[in-house]
Amino acid sequence: MKKWMCIPVAVYPYAYMIASALLSLLEYAPDNINTDDAQFVILMILVFVYHILVLAVIIYHIVQSARGAVTAKDAAVMNMIVKGVQIPAYIFHFVIGLIGLLMSVWGIVLLMAAVLIDAATIIVSGTFALGCTIRIKKENLMPTWATVLTAIGSYLFCIDVVIAMVYGVKCLIKRNEAVQVSVSS
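As a starting point, this report considers the structure included with it. All of these numbers come straight from a predicted model, not from anything done at the bench.

Quick word on the nonpolar core
By size, the foremost hydrophobic cluster in this structure holds 30 residues, and its most contacted members are Val9, Val54, Phe128, Ile136 and Tyr167. Elements that contribute at least two residues to this core include exactly helix H1 (7-10), helix H2 (12-25), helix H3 (35-67), helix H4 (72-102), helix H5 (108-138) and helix H7 (159-184). In terms of residues, this core owes the most to one element, H3, which gives 7 residues. Excluding residues that lie within four positions of it along the chain, Tyr167 makes contacts with Ala76, Asn79, Ala129, Cys132, Thr133, Ile136, Met142, Thr147, Thr150, Ala151 and Ser154.

A word on the packing of H4 against H5
With their axes 9 Å apart at the nearest point, H4 and H5 run at an angle of 170° to one another. Between H4 and H5, the angle falls in the class roughly antiparallel. Broken down by class, the residue content of the contact of H4 with H5 amounts to 21 nonpolar, 8 polar and 3 charged.

What counts and what doesn't
Residues numbered from 1 in each chain as written. Predicted model: local features only at pLDDT ≥ 70, side-chain atom pairs only at ≥ 80, totals over all residues. Heavy atoms only, no water. Core = buried A, V, L, I, M, F, W, Y, C linked by side-chain atoms within 4.5 Å. Buried < 20%, exposed > 50% of the residue type's maximum accessible area, 1.4 Å probe, protein only. Helix = DSSP H or I, 4+ residues; strand = E, 2+ residues; numbered from the N terminus. Contact = heavy atoms within 4.5 Å. Axes fitted to C-alpha atoms, helices over the stretch in contact; angles between N-to-C directions. Parallel < 35°, antiparallel > 145°, perpendicular 65-115°, else oblique. Nonpolar A, V, L, I, M, F, W, Y, C, P; charged D, E, K, R; others polar.

Geometric descriptors of this kind do not, in isolation, establish any biological role.
Below you can see the structure in the form of structure tokens.
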């Protein structure tokens, strides 16, 4: 599996911002364009096409990891890319949610939107991390209890980034051990 395949999952939280920007730009559309139809098309692309693409990439990644077509190192790198790219979106949505919270009753829509987008994003990225968890377990880099805990932790805010780094370190340690064994042989 190529590393670029993780791009739809990595940019998932930004898709809402892009769609909102496109919908806002429709205010400046020429009069001969039916903005209602354009809004409908943009929303359908986001809701159906993009979510199906992200789901397909996640399923493909998990299946490839389970089959052994992806190494634990490659899965860990892809997991770190996804988590790293999503960090600014988490911060942005946290700030938007905080603004909504500070606006009291009038900001409830901002708060709920930020919470829902962050929750959807953590579900998507946590499920994507399952491919890495499977590969790490199959290559015996961690005991079963640790892989179960890290799989659960991949669905928790902030902890998921730490777990992605732990996965990367585990794969780096394995690679260094393999190099030492081949040099001493």
